[in-house]
Every structure is written in C-alpha cells, then in structure tokens.
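# Descriptive analysis of the structure
Residues per chain, in single letters:
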Amino acid sequence: MNAKFSRRSVLKQFTGVVAGAALLTTGEGLLVPLTAQAADDSWHKSRSANGWEVLRGRSSGTAPYDIPGTDLHVTLREGDVGTVLSYAAQRFHYDVAELVAGRGQIIGYSDALHVKADFESNHLSGTALALYPESCPLGVKGNLFPYQVTAIRDILAELQGVIKWGGDMEPAKESTFFVDVPPGSAKLAQVAETLRQWRITPGKGAGTQNVQDPERITAAKKLASRQAA
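Anyway, here's the lowdown on the structure attached to this text.

### Focus on the sheet that holds strand E6 (residues 106–107)
Taken together, four strands build an open sheet; the order of strands is E6-E8-E10-E9 and the sheet is antiparallel. One side of each edge strand has no neighbouring strand; the edge strands of this open sheet are E6 and strand E9 (163–165). Note: E6 against strand E8 (residues 128–131), two bridges, orientation antiparallel. Pairing of isoleucine 106 across the sheet is with leucine 131, part of E8. Strands E8, E9 and strand E10 (176–179) of the sheet are contacted by helix H3 (residues 80–95), whose axis makes an angle of about 20° with E8. Contacts from helix H4 (residues 146–158) reach E9 and E10, with the element oriented near 160° to E9.

### Overview of the packing of H4 against helix H6 (residues 214–228)
Two elements in contact, H4 and H6, have axes separated by 8 Å at closest approach and are oriented at 80°. Of the possible angle classes, the one that applies to H4 and H6 is roughly perpendicular. Two secondary-structure elements touch here, H4 through Arg153, Asp154, Leu156, Ala157 and Glu158 and H6 through Arg216, Ala219, Ala220, Leu223, Ala224 and Gln227. Grouping the constituent residues of the contact of H4 with H6 by class yields six nonpolar, one polar and four charged.

### Focus on the environment of arginine 77
Tracing the sequence through the fold places arginine 77 in strand E5 (residues 73–77). C-alpha separation for the pair arginine 77 and tyrosine 109, spaced 32 residues apart in sequence, amounts to 7.0 Å. Of the polar contacts made by the side chain of arginine 77, one reaches the backbone oxygen of serine 125; its length is 2.8 Å.

### Topic: the pattern of salt bridges
Tallying each qualifying case throughout the model produces ten salt bridges. Between aspartate 168 and arginine 153 there is a salt bridge; the shortest N-O distance is 2.7 Å. Of this pair, aspartate 168 sits in the loop between E9 and E10 while arginine 153 sits in helix H4, and the two are 15 residues apart along the sequence. You can call aspartate 168 partly exposed: its relative accessible area is 32%.

### Some thoughts on the packing of aromatic side chains
Tallying each qualifying case throughout the model produces four aromatic pairs. Considering the side-chain rings of tyrosine 87 and tryptophan 198, the 6.1 Å spacing of their centres and the 55° angle between planes classify their relative orientation as tilted. A residue pair is termed long-range when its members are at least 10 positions apart, and tyrosine 87 in helix H3 and tryptophan 198 in helix H5 (residues 186–199) qualify at 111 residues. Each ring, one from phenylalanine 119 and one from phenylalanine 178, has its centre 5.9 Å from the other, and the planes form 20°; the classification is stacked.

### So, the packing of H3 against H5
Close contact between H3 and H5 brings their axes to 9 Å; oriented N to C, the two are set at 60°. Comparing the axis directions of H3 and H5 gives the class oblique. Relative to H5, the crossing made by H3 is left-handed. Residue-level inspection shows Asp80, Val81, Thr83, Val84 and Tyr87 of H3 in contact with H5, the latter providing Leu188, Ala189, Val191, Ala192, Leu195, Arg196, Trp198 and Arg199. Here the residues of the contact of H3 with H5 sort into nine nonpolar, one polar and three charged.

Definitions and limits used
Sequence order sets the numbering: in each chain, residues are counted from 1 along the sequence as written. Local features in this predicted model are restricted to residues of pLDDT 70 or higher, and side-chain atom pairs are both shown and tallied only at a pLDDT of 80 or more, whereas totals for entire chains, interfaces and linings draw on every residue. Note that water and hydrogens are dropped before the side-chain values are worked out from all heavy atoms of the structure. Paired strands, as defined in this entry, are two strands with at least two bridges between them according to DSSP. Numbered from the N terminus, helices here are DSSP runs of H or I no shorter than four residues, and strands are runs of E no shorter than two. In this description, contact between two residues means that some pair of their heavy atoms is separated by no more than 4.5 Å. Note on method: axes are straight lines fitted to C-alpha atoms, helices fitted across the in-contact stretch only, with angles between N-to-C directions ranging 0 to 180 degrees. Here is the rule for angles: anything less than 35 degrees is roughly parallel, anything more than 145 is roughly antiparallel, 65 through 115 is roughly perpendicular, and the remaining ranges are oblique. By the convention adopted, Pro, Cys, Tyr, Trp, Phe, Met, Ile, Leu, Val and Ala count as nonpolar, Lys, Arg, Asp and Glu as charged, and the other residues, Gly among them, as polar. Two N or O atoms count as a polar contact when they lie within 3.5 Å, although within protein this holds only if one can serve as hydrogen donor and the other as acceptor, and sequence-adjacent residues are included solely when both atoms are side-chain atoms. The working definition used for a salt bridge is a side-chain nitrogen of Lys or Arg within 4 Å of a carboxyl oxygen of Asp or Glu. Residue exposure (1.4 Å probe, protein chains only): buried if accessible area is under 20% of the type maximum, exposed if over 50%, otherwise partly exposed. Side-chain rings of Phe, Tyr and Trp, where Trp is taken by its six-membered ring, are said to pair if the distance between their centres is within 6.5 Å; with planes under 30 degrees apart they count as stacked, over 60 as edge-to-face, and otherwise as tilted. Note on convention: the crossing is left-handed when the near helix lies turned anticlockwise from the far helix by less than a right angle, right-handed when the turn is clockwise.

Below, the structure is given as structure tokens:
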C-alpha cells in the first residue's frame, strides 16, 4: 500500500507538538525538536560512523541514482551502496509513502559536516539516505502509521540486514536509512547483485512483495531483534 502522507503529517493538522516531543521556535520561525538542537556538532573524522571513508565532494566516488517509479534521483556512493540504497528508496515509494518532487528533501551524499547524531555522518560517505527528513526529524518518534513501519521492516529484511533504519537508533530519525556493514562486505555485494538481476527479471523486485505475508513478517521481526542487540 502506498500513502501520500505520514502519520506525522496527519497529526500536524491538529497539534503543534508531535509525538510528545518538546518543540522550540528558532529565529527563522521553524519548529525543531529540543533533542536535536542539543546534539549539534561537527564531524571531522576520516570515516563515517558506519566505518566507510568520508568522500570529499560529489565528484569523488559518488553517482546520481534514479529512484524507479518516480522522476527523482539521489546522489549516493557509487557501486553496491548506491544500488542497495536506491532500491530501498524505490520500495519506500511503493510500500511506505509516495515520493514526489517538491514535497520535501531526499538526501543521499552530503558534505555538510554538522551532524546532530553520529549516524548522520554516514551521509558524508554517501552511505545514508534520508527521505523527507523535515517530516520525520531527529529525536521524534511515532511519525509513521503501523503499516508503514511493517513495510519498512520488510524492506530491511529483504535486504538481509545490510541496511539499518534510523527509527531504531537513539536518538531516532525515522526518515533515514544507512549501510550497516563495513566496506568490502561480501553480503552487501551479494545483495546488490541480486537487485541488479531482479531489474531484468519479470515479477521480481520492488512492487511485487506482500508485506503482510506471515513468513515475511516473521523474518522482519527476527532481523529487528538482531539489529537491536
């Protein structure tokens, strides 16, 4: 099932406080979570939090990736990382919430050194993807409907745990997905190759899954337990 609005988008029509988080009005008139404000810092390490080398500029190891089913593209680390994260975005579009130009930001690689949680540094290595971070900001949980969370967990399981969801982090960021295996991971290479084969195989890939299948739900729950350990 595809949704145009997240749970947060619906709730914002009725209240200025989302999911019980305290919000602070900035000088620019923006509401931001106090938890995110307090964690602001800069990242100066040579590797991002997930162990991948920080890239210096878009021309160094990145490439634009289309998000199939949309007219959007995102800049990601070139190779297996880009293949897997762009597929995650495609599945998000089909099964979680529609991705539409102009609705919000879609961020892959970023050279912004200021991060408010360590895992946000993964954008510096091109190994993270944020889908509408304005709607699901850092430190705010409960932005998504239960069926959307079920779909996200199905995506993670289908990708065999090489990707982790920011909704499981502390502080949480439910808009973010990032590579959760080290450089040179054989599993990442295997998953990426499977996705490339699915592109040329009818009946395979994004849009063909039944996220309510009991076996898929069981697999997704097992992965969630492992990733939380």
